[in-house]
Amino acid sequence: MATETLNPLALNADIHNALPTEKVDGTCCYVANHKGCPYLWARFDRKPTKQTDKKFKKHIRSKGSPKDFIWNVDEDFRPVPDFWIPAKGVRTVDGKAYPDENGHIPGWVPVENGNKQYCWHSSAVNYTLSVALVLKPRLEDPEALEICLVHLTDLLEQTLELLGTNINGNPYGIGNKKNPIHFLVPHGTFLIKNIPALNHNSLISWFNHCQEGKVEGIVWHCKDGSLIKLHRHHLGLPWPLKDTYLSSKPVFIRINLCKYEEASHCLTRFAKIDALQYDSLKEVLLD
């Protein structure tokens, strides 16, 4: 739970001058090259074996901290899928990735076509055309949203959130079982304009009483590259909500098929995009 005191790490990162953005509720993804082409990668943390996990938790209970726990990376962790890579920022020793304070090694696996485990990830990208379905603020009206196609090369080395019908209980009410919809949101996309003062009471009041506060949380993007996160749960507040700020906005579909070869196949690959799939959206525009 959050306390009344700002974390020294946040102060050192100059959080007062950071860029506040909405934390969206999905599953984390990454775009990077694989087999010479830009690919979508799914989050996959390397976790310790059951036996090692028990030892690690026992150590924390006795010492009150994960510090000084000795890891044998070659033996203490479960195997990972082919092509798995550790996330940037993971501590390495002699070329080996070491776990964080939770005992996990954050990482990524490429989303291959035909992999049933990542079928919803796959529905948001088309490797033939090298494009992804992306949700972002509308250029003509920043208070509205638009779903568009973005070249994967333009998303290289970015982390994103996958949202949609079958992700995390679908807190935004996107699509339905008959017509599932999934798309990507680059992290930091939705700026928070009227950020509250950085104190406990102001933040609780903002989350409870402001329309803009009907979000899962806030992520501050600091100038030194640090990311500071505050979730509603940190303040004892519920999530998901019946009505969210994101789902209250009108959404347009902007897909210029003239830009892409084999465009008709593109629509099929993207779950047959048509107006029927967007019954819950207030406005639809097909370019």
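Residues numbered from 1 in each chain as written. Predicted model: local features only at pLDDT ≥ 70, side-chain atom pairs only at ≥ 80, totals over all residues. Heavy atoms only, no water.

> Looking at this model, I keep getting lost on the overall build of the protein chain. Mind explaining?
Helix and strand counts for the protein chain come out as six helices and 15 strands. Taking all 287 residues of the protein chain together, the buried fraction comes to 45%. In the protein chain, the proportion of contacts linking residues at least 24 apart, taken out of those at least 6 apart, comes to 65%. Carbon and sulfur atoms make up 52% of the accessible area of the protein chain, which amounts to about 16000 Å² in all. (Helix = DSSP H or I, 4+ residues; strand = E, 2+ residues; numbered from the N terminus. Buried < 20%, exposed > 50% of the residue type's maximum accessible area, 1.4 Å probe, protein only. Contact = heavy atoms within 4.5 Å. Areas by Shrake-Rupley, 256 points an atom, 1.4 Å probe, with all protein chains shown as cover.)

> Sorry if this is basic, but what is going on with the side chain of His200 here?
Its place among the elements puts His200 in helix 5 (residues 200–209). Excluding residues within four positions of it along the chain, His200 makes contact with Ala2, Thr3, Glu4 and Leu235.

> I would appreciate a short explanation of the pattern of salt bridges in the present structure.
Following the criterion strictly, the structure yields 10 salt bridges and no others. For Lys88, the salt bridge goes to Glu157, with nearest N and O atoms at 2.7 Å. In this pair, Lys88 is assigned in the loop between strand 4 (85–86) and strand 5 (92–93) and Glu157 in the loop between strand 10 (145–151) and strand 11 (159–164), connecting sequence segments 69 residues apart. Ionic pairing is found between Glu140 and Arg138, a salt bridge with its closest N-O pair at 3.7 Å. (Salt bridge = Lys/Arg side-chain N within 4 Å of Asp/Glu carboxyl O.)

> Sorry, what's going on with the side chain of Ser123 here?
By secondary structure assignment, the location of Ser123 is in the loop between helix 4 (119–122) and strand 8 (125–126). At 2.7 Å, the side chain of Ser123 and the backbone oxygen of Trp120 are in polar contact. Side chain to side chain, Ser123 and His182 meet in a polar contact 3.5 Å long. (Polar contact = N/O pair within 3.5 Å; in protein donor to acceptor, adjacent residues only side chain to side chain.)

> Any chance you could explain the sheet that holds strand 1 (residues 19–23) here in plain terms?
Strands pair in a sheet through their backbones, by hydrogen bonds, and they do so in one of two ways: parallel or antiparallel. Spatially, 1-13-14 is the arrangement adopted by the three strands of the open sheet, whose pairing is antiparallel. Edge positions in the sheet fall to strand 1 and strand 14 (227–231), since each of these pairs with one other strand and no more. Ignoring strand direction, the axes of neighbouring strands in this sheet form an average angle of 25°. Pairing of strand 1 with strand 13 (residues 217–221), which is carried by five bridges, proceeds in the antiparallel orientation. Bridge pairing in strand 13 links Thr21 to Val219. Sheet contacts for helix 5: strand 13 and strand 14; angle to strand 13, the most-contacted strand, approximately 125°. (Pairing = 2+ DSSP bridges. Axes fitted to C-alpha atoms, helices over the stretch in contact; angles between N-to-C directions.)

> Any chance you could explain the environment of Trp206 here in plain terms?
Position of Trp206 among the secondary structure elements: in helix 5. Residue Trp206 is classed as buried on the basis of its relative accessible area, which comes to 4%. Each C-alpha atom of the pair Trp206 and Asn194 lies 9.2 Å from the other, and the pair is 12 residues apart in sequence. Not counting the four nearest positions on each side in its chain, Trp206 is found in contact with Ile192, Asn194, Pro196, Glu212, Gly213, Val215 and Ile218. Here Asn194 takes part through its backbone oxygen, which lies 3.1 Å from a polar atom of the side chain of Trp206.

> Mind showing me how you'd approach the packing of aromatic side chains here?
Centre-to-centre distance and the angle between the planes together describe a pair of aromatic rings. Per the counting criterion, the structure on display carries eight aromatic pairs. With centroids separated by 5.1 Å and ring planes inclined at 35°, the aromatic side chains of Trp71 and Phe77 adopt a geometry described as tilted. As far as the burial class goes, Trp71 and Phe77 line up, both buried. Grouped by ring-pair contacts, the aromatic residues Phe56, Phe69, Trp71 and Phe77 constitute a single cluster. Cation over ring: Arg138 sits above Phe252, and NZ or CZ is 3.8 Å from the ring centre. (Phe/Tyr/Trp six-rings, centres within 6.5 Å; stacked < 30°, edge-to-face > 60°. Lys NZ or Arg CZ within 6 Å of the ring centre and 35° of its normal.)

> Explanation requested: a positive patch on the surface in the structure shown.
Taken together, the side chains of Lys47, Lys50, Lys54 and Arg78 define a basic patch exposed on the protein surface. The exposure class assigned to Lys54 is exposed, which follows from its relative accessible area of 64%. (Patch = residues over 30% accessible without salt bridge, like charges linked within 9 Å, V, L, I, M, F, W, Y side chains within 5 Å. Lys, Arg positive; Asp, Glu negative; His and termini not counted. Charge placed at Lys NZ, Arg CZ, Asp CG, Glu CD.)

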